[in-house]
Amino acid sequence: MKTIIRNTLCIVLCLAALQYGQAQEKFFRAIGTPHKPKVQVSWNRYYTYEGLRDIMQQIAQAYPDLAKLHSIGKSYQGRDMLMLTISDFKTGDPDTKPAMYIDGNIHSNEIQGAEFSLYTAWYLTEMFGELDFINQLLKDKTFYIIPTINPDARNNFMNEPNTPHSPRSGMIVLDNDLDGQAGEDGYDDLNGDNHITIMIRKSPDGNYIKDPLNPKHLIKVAPEQRGEYEFLGYEGLDNDGDGDVNEDGIGYYDPNRDWGWNWQPDYIQRGAYKYPFSLPESRSIMEFVMAHPNIAGAQTYHNYGGMILRGPGAEEDLDTYKKSDVKIYDAIAHKGEEIITGYKYLVVYKDLYSVFGGELDWFYGGRGIFCYSNELMNSYLYFHKNEGRGNREEELKVDQYLTFGDAFVEWKEYQHPQYGTIEIGGFKKNFGRAHPGFLMEQDAHRNMAFTIYHAYHTPKLSVTDVAEKSLGNGLREITATIYNERLIPTHSSQDLKYNIERPDWVSIDKVNVVAGMVVDDQDFNKVTEQVEHPEKIKVSNIPGMETVKVRWIVSGNGNYRINVNSAKGGLAEWVP
Amino acid sequence: MKTLYASLFYCLFLTCHALWAQDYPTNNDIHKRLQDIAKSSKNANLSSLGTTEGNQDIWLLTLGSDNQDQKPGIVIVGGTEGPHVLGVELALQFAERLLADHPNVLEHTTFYVFPNMSPDAYAQYHASLKYERLGNAITSDHDRDGSKGEDPYEDLNGDGLITQMRVKSALGTYIPAAEDNRMLVKADRAKGEAGTYLVYTEGIDNDKDHQWNEDPAEGIAFNKTFTYKFPIFEPFAGDYAVSQKETRYFIDYLFTQPNIYAFICFGPENNLSTPLAYNKQGNDKKIISSILEEDATVNKMISDLYNANVKAKPYKQTNQGTGGDLFQWAYFHFGRFSFSTPAWWIPEIKTEAKEGGDSKEKKDKEDVLPYEVNVMKWAEQEGLQELFVPWQPIAHPDFPNQTVEVGGLKPFATTTPPFRMVDSIAISHTNFIVEFTKLQPKLEWHNVRTQKLDGGLVRITADIYNNAPLPTHSQLGSKSRWLQKLKVSISKPQEQLVAGNPTQLIDHLKAYEKKTLTWIVKGSGNVTLTAGAPHTAYATNALKL
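Think of each chain on its own: its residues are numbered from 1, step by step along the sequence as written. As a convention, the first chain written is A and the first ligand written is 1, with the rest following in written order. Local features in this predicted model are restricted to residues of pLDDT 70 or higher, and side-chain atom pairs are both shown and tallied only at a pLDDT of 80 or more, whereas totals for entire chains, interfaces and linings draw on every residue.

We now examine the overall build of chain B. Helix and strand assignments come from DSSP, with helices taken as H or I runs of at least 4 residues and strands as E runs of at least 2, each series counted from the N terminus. A tally of helices and strands in chain B yields 12 helices and 20 strands. If one aligns the C-alpha atoms of chain B with their principal axes, the spans along those axes are about 105 × 55 × 55 Å. Counting other C-beta atoms within 10 Å of its own, a residue is labelled buried from 20 upward, exposed at 12 or fewer, and partly exposed in the gap between, with every C-beta atom placed from the backbone. Within the span of chain B, comprising 545 residues, buried residues form 42% of the whole. Sequence-distant contacts in chain B: of pairs separated by 6 or more residues, those separated by 24 or more amount to 71%. Whether two residues are in contact is decided by their C-beta atoms, placed from the backbone, lying within 7 Å.

Time to look at the environment of Leu439 of chain B. Residue and element names in this part refer to chain B. Note on placement: Leu439 falls in the loop between α12 (422–437) and β13 (443–452). Judged by the 16 C-beta atoms lying within 10 Å of it, Leu439 falls in the partly exposed class. For Leu439, the contacting residues outside a window of four places in its chain are Ala468, Pro469 and Leu470.

For helix α3 (residues 85–101) of chain B, with 17 residues, the first-to-last C-alpha span of 24 Å sits near the 24 Å given by 1.5 Å per residue. The buried fraction of α3 of chain B amounts to 15 of the 17 residues, a majority that puts the element mostly inside the structure. The length a helix should cover is 1.5 Å for every residue beyond the first.

Our next topic: helix α4 (residues 132–140) of chain A. All names here are of chain A. Among all positions of α4, only Leu137, Leu138 and Asp140 are buried. Relative to the axis of α4, the buried residues are bounded by an arc of 160 degrees and lie together on one face. Packed against the buried residues of α4 are β2 (80–86), α3 (112–127) and α12 (437–456). When we speak of the arc, we mean the arc of directions from the helix axis to the C-beta atoms.

Right, let's get into the interface of chain A and chain B. If you look at the interface, chain A gives 25 residues, while chain B gives 26 residues. Under the scheme applied here, ten amino acids are nonpolar (Ala, Val, Leu, Ile, Met, Phe, Trp, Tyr, Cys and Pro), four are charged (Asp, Glu, Lys and Arg), and all others, including Gly, are polar. When the residues that make up the side of chain A that touches chain B are grouped by side-chain class, the tally is 10 nonpolar, seven polar and eight charged.

Our focus in this paragraph is the packing of helix α7 (residues 293–309) of chain B against α12 of chain B. Residue and element names in this part refer to chain B. Put simply, α7 and α12 touch, their axes get as near as 9 Å, and they point 145 degrees apart. The way α7 lies across α12 gives a crossing that is right-handed. Together, Ile302, Leu305, Tyr306 and Asn309 of α7 and Ser428, Asn431, Phe432, Glu435 and Phe436 of α12 make up the contact between the two elements. Axis definition: a line fitted to C-alpha atoms, over the contacting stretch in the case of helices. Angles run 0 to 180 degrees between N-to-C directions. Left-handed describes a crossing in which the near helix is turned anticlockwise from the far one by less than a right angle; the clockwise case is right-handed.

In this section: the packing of α3 of chain A against α12 of chain A. All names here are of chain A. Their axes nearest at 9 Å, the elements α3 and α12 cross at an angle of 65 degrees. Between α3 and α12, the crossing angle belongs to the class labelled roughly perpendicular. The two elements α3 and α12 meet at a crossing, and its hand is right-handed. Touching Gln112, Glu115, Phe116, Tyr119, Thr120 and Tyr123 of α3 are Met440, Ala444, His445, Asn447, Met448 and Thr451, all from α12. These descriptions rest on fixed angle ranges, namely under 35 degrees for roughly parallel, over 145 for roughly antiparallel, 65 to 115 for roughly perpendicular, and the rest for oblique.

Moving on, we get to the domain arrangement of chain B. Start and end points for every domain follow an automatic or database-based domain assignment. In terms of domain boundaries, chain B breaks down into domain 1 (2–125 + 219–345 + 417–437), domain 2 (141–217 + 363–409) and domain 3 (443–544). One C-alpha centre belongs to domain 2 of chain B, the other to domain 3 of chain B, and the line joining them spans 63 Å.

On to the domain arrangement of chain A. Residues and elements named next belong to chain A. For chain A, the domain assignment lists domain 1 (49–156 + 254–380 + 434–456), domain 2 (174–249 + 391–427) and domain 3 (461–574). Distance from the C-alpha centre of domain 1 to the C-alpha centre of domain 3: 33 Å. Between domain 1 and domain 3, the contact holds 20 residues from the first and 16 residues from the second. Looking at the side of domain 1 that touches domain 3, the elements that each hand over two or more residues are β9 (295–303), α7 (323–339) and α9 (359–367). The biggest single contributor to the side of domain 1 that touches domain 3 is α7, with five residues. A per-class count over the side of domain 1 that touches domain 3 returns nine nonpolar, seven polar and four charged.

Our focus in this paragraph is the sheet that holds strand β16 (residues 475–484) of chain A. Residues and elements named next belong to chain A. Sheet architecture is open: five strands sit in the order β15-β16-β21-β18-β19, paired in antiparallel fashion. Strands with a single pairing partner mark the edges of an open sheet, and in this sheet they are β15 (461–472) and β19 (526–529). Neighbour-to-neighbour, the strand axes of the sheet open up by a mean angle of 30 degrees, direction not taken into account. Here β16 pairs with strand β21 (residues 547–555) via nine bridges, running antiparallel. By the bridge assignment for β21, Glu477 is matched with Ile553. Pairing between two strands requires that DSSP report at least two bridges joining them.

Let us look at the confidence of the model for chain B. Should pLDDT be low for a region, the predicted coordinates there are not to be read in detail. The pLDDT value expresses, per residue, how confident the predictor is, ranging between 0 and 100. Looking at chain B, pLDDT values average 93 and 93% of them are 70 or higher. For this predicted complex, the interface score ipTM comes out at 0.92, alongside a pTM of 0.93.

Turning our attention to the pairing of β9 of chain A. All names here are of chain A. The element β9 is largely enclosed, with a buried count of nine among its nine residues. In terms of strand pairing, strand β3 (residues 99–104) meets β9 through six bridges, oriented parallel. Note that in β9 the partner of Met100 across the bridge is Gly297. Both β9 and strand β12 (residues 370–376) contribute to a ladder of seven bridges, which runs parallel. Among the inter-strand pairings, Gln299 is bridged to a residue of β12, identified as Tyr372.

On to the nonpolar core. Counting 201 residues, the largest nonpolar core has Ile59 of chain A together with Val77, Ala91, Ala95 and Val113 of chain B as its most contacted members. Considering every element that reaches this core, the biggest residue donor is α3 of chain B, with 10 residues. Beyond its immediate sequence surroundings of up to four residues, Ala95 of chain B is in contact with Ile37, Leu61, Leu63 and Val113 of chain B. Core analysis: the second largest hydrophobic core is formed by 17 residues, Ala462, Leu509, Trp519 and Ala537 of chain B among them. In these notes, a nonpolar core means any group of buried Ala, Val, Leu, Ile, Met, Phe, Trp, Tyr and Cys residues linked to one another through C-beta atoms within 7 Å.

All names here are of chain A. Of all seven residues making up β12, seven are buried, and the element is well covered by its neighbours. Side chains of β12 alternate between two faces, with Phe370, Tyr372, Asn374 and Leu376 and Cys371, Ser373 and Glu375 buried alike. Alignment of strand β10 (residues 307–310) against β12, held across three bridges, turns out to be antiparallel. Bridging from a neighbouring strand, Met307 pairs with Glu375 of β12.

The structure is reproduced here in structure tokens:
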């Protein structure tokens, strides 16, 4: 008896303690962010390839009905090209839903695209079940997310000495100075700090002085004034005895000049490799995209400058981007400018520089898929002023008031075998292009919100109306109206120009079809008949926010079903 | 003695081959002949770069002697297109004849012979259904309607050949040629001519789209897959450049051989009978579309050499490149000198009327024979009755109650000479290639002088000279990152060089161009000067200080 009382008391106490514990909740929900995520991720630091892989595995394990991890191929050095497929797997095959493709880090030094892509996968899985909008989104759509498409050189950027701009290419080593040797004279980390910074030297020819108020800063003197220091470039030696320093390191080639639309060789487009998709990384992606015609939107992440970019990459391609598609590009990107504060919507060839063989042009030109590249991080995020890329004075101010010296390697003397006494120092590789930790999460969320808006506007098809009319003689006329509820058409104008993707099919079954046609103008009975296989009408395109009407003359009674099957628009069904 | 036997055996082999062979080789025959060639000489090496979808090897026969990677390399390509059967035989015979008749050429030149780059398509020449096939063995959607290969050819008259069919129709666009009513020519609308025939390739409209044989069962054509002016989304070209294994084997290999200097392709394009013309407008654009000015001069020189060796007057040789072809890629994108020739074409047959009168008048009268009629006249002259299939009426399901006839020129009639003609073509082309190698760049050191200075210093001065009619780099190649510069080295460490570096680079040397170089060296002993690149070979000069 005593024991029973004691036990009961114990249980009561425990329950009370539990209730007390609940009352003493340690967290309070912030709007817009997963409150108690199953997968804990710090979004204020960067992850190596292995770090990204861990998070991707955790997401796939935590949400088996929403996320699947797979490798779409191998990188040059044999790393898996890891992709997360995100969708509500219980509501249909993800490979038949209109899909959004997202990648980051094609340029190995442009690292945060990986974290931003991964944030998207994390957010979508953690918020599923919490928000109606996300539930519906993952019911309708699929996201194919590859955080880094340059995993080898990503790790090189992080683990080995580099500038903020290197390697940029992948890890294939080429002969850059055409002397028959490859990669024999790259950077040298002379001061051993894993950053390649700047070499300066006291010189009677110098036209710089150290700012007496801030010796990190070198000021250019007026033409008639005598300076004290000269710049000698990035840290390095003349390793091959040809009189040049750092002229033949990793690469160089540009993975974003390796794509199969208007590809041009290196003498026209610097950075091009051997031929389109001659790099294993871009080849894997191409093969994946070709095998997934449901991809209707694409986003690639670069840095930096705060831009939402669309093609054409080259002026020579101006005619490729037709008015009707530019209208859609504009509509989505202008919303993006509102969503991502400080970012501007620009066109590559006229606002940036000329690019042949770029990824975004292949997505659009080669596959007819609407694609943007965002240049992540901009000066606006520091002090809400747009001071532009690489503004040294602003960056020094950031380092003084926001990062407290974390961004800069102080000048220090060094005995250089070729230059004599020099000083080495300057901004670290992870400053300037990369977000400081405290600015990452917000910008990741905003960029993700833009891609969600884009994904939302991939086509969504429904059979909104089926009208039936008796024609006598046991004949019926059935007219079905198919509506695309979103901005993006099932076939872009580029797609239609080259018949890149098959037509959409609208079919009727369980009934004898006498004739079938597309109704061009219902009011005046203008139709285009399809003589062969009239039960499966081929519709060339279902434009965004518009309807298409399909008509059959059928004989006999009986119920019928109408099915819509579109590569980029997904499936829709009508049953009586 | 051993060599003598080998040579004797080889001569015997060649003679036997010529005596026995009645027709172009099958893929198996090619393999056997390549093996025989490789066995016949220590300077020949056969390797397979991989297999096609049709399970055919892509063969590479390397002909080279010692240090072959550091001599100018010439790429010889046959089978750039499936129907160009002749090119395959020419590439094989070139290898055989070079080893037998001109083995010394290998002392200064290396050859990379790709005898057949379209083996899947080539096989159709020997297949039970014979037709001019372009595509490899993958399936493709040539008409981009969403189905692959759904409208192939059909042999309606059961003769084992795909020829033409003509349908008598008031809507026709063709009429029988006045000079030879077996041949059909386009009705001239400008002259108000009405047509009497619709003309199609032999087959059925399997997919009922009112086009005949527009989506044949074959795949992609090698000679449409290259990156220069790639005809994206066109039939036989595909969705992106270099999509096929054959092309990748080929290009990937070439990128491993920095010594490649020039290409000679056997295929439909021709810049040897008539050289490419320089066009300033095409030259000035960012995407260059004209041969560069200095390279045009070289093309002219090589064209003259070709015409001196291959005495065939050009007739209808207007193909100087089509989008995605190999020959233009080798120059415009790979930066090497590139030459192509069909090697044979049906010659122009003079009509009686044309022999009299002056040439200007002739042109005005437009009494030039239609091409097809010329073919028939030539066939007649050569006694080749079998070139033509007489029109024969058939019942065609797509044209009920209409007169449909199958017939016309046989496949390969215009691209492939009777086999008995091949030997002389092979000899003249081998001679041309041998003559070409004599023009290749040749680096030499001249005027090497040493001058003693005070304190044990020596000044070395030397001219590096390209003693050849051809430059070390094509003008376009000088822009390419895939063609090495000339590297000049002095065998002295940096510490002993008071002036100059252990290595330096020269962009290029033109024909008969020299460059003077100087160094100031500390100390004495032997010094070697080296200059060159793999594609020019290296010149060395040893001197004693």
